[in-house]
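Observations on chain architecture
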Amino acid sequence: MSKVIRARYERGVLKPLEPLELMEGEEVQVILKTSDDSLTKRLYGVAKKRRPGLTRSEFLEVIEEIEDEDIRGL
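Residues numbered from 1 in each chain as written. Predicted model: local features only at pLDDT ≥ 70, side-chain atom pairs only at ≥ 80, totals over all residues. Heavy atoms only, no water.

1. Some details on the overall build of the chain
Going by this rule: Starting at the N terminus, helices and strands are each numbered in turn, a helix being any DSSP run of H or I of at least four residues and a strand any DSSP run of E of at least two. Exposed residues in this analysis have more than 50% of their type's maximum accessible area, buried residues have under 20%, and partly exposed residues fall in between, with area computed by a 1.4 Å probe over protein chains only. Residue contacts are counted whenever heavy atoms from the two residues lie within 4.5 Å of one another. All accessible areas in this document rest on Shrake-Rupley with a 1.4 Å probe, and a residue is counted as covered only by the protein chains that are shown.
Scanning the chain for helices and strands turns up 2 helices and 2 strands. Counted from the first residue to the last, the chain has its helices and strands arranged as β-β-α-α. For the chain, the proportion of its 74 residues judged to be buried stands at 7%. Put simply, 17% of the contacts in the chain that link residues at least 6 apart link residues at least 24 apart. Total accessible area computed for the chain in this model is approximately 7,100 Å², and 53% of it derives from carbon and sulfur atoms.

2. As for the environment of Ala 7
Considering the arrangement of structural elements, one finds Ala 7 in strand β1 (residues 7-10). On the accessibility criterion, Ala 7 (40% relative accessible area) is partly exposed. On a C-alpha basis, the gap between Ala 7 and Leu 32 in space is 9.6 Å, while along the polypeptide they are 25 residues apart. Those residues within four positions of Ala 7 in sequence are excluded, and the remaining contacts are Leu 14, Lys 15, Pro 16 and Leu 17.

3. Re the packing of aromatic side chains
The description of two aromatic rings rests on the distance between their centres and on the angle between their planes. Our working definition: Note on aromatic contacts: the rings of Phe and Tyr and the six-membered ring of Trp form a pair at centre separations within 6.5 Å, being stacked when their planes are under 30 degrees apart, edge-to-face when over 60 apart, and tilted otherwise. Both a distance and an angle decide whether a charge sits over a ring: NZ of Lys or CZ of Arg must be within 6 Å of the ring centre and within 35 degrees of the ring normal.
Scanning all chains against the criterion turns up 1 aromatic pair. On the basis of an interplanar angle of 50 degrees and a centroid distance of 5.3 Å, the ring pair of Tyr 44 and Phe 59 is categorised as tilted. Separated by 15 residues along the polypeptide, Tyr 44 in helix α1 (residues 38-50) and Phe 59 in helix α2 (residues 56-72) bring together distant segments of the chain. The burial state of Tyr 44 is the same as that of Phe 59; both residues are buried. Against the face of Tyr 44 rests Arg 56, its NZ or CZ located 5.9 Å from the ring centre.

Rendered as structure tokens:
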């Protein structure tokens, strides 16, 4: 199963922003991607030109949906 989970790094620990449905002792693979990725910034600028009312959070939600679909398609 693949799932995208957002997390925040605080005091040396990566903390999920939502509950994880994992069994005790289950191992997972973590791929780190910062939300301030320069490609994301450039794409947001392009999207903002086409949709001036688009907020950054709305844009990031769409990007996350696209990433989720890509992962599920593997």
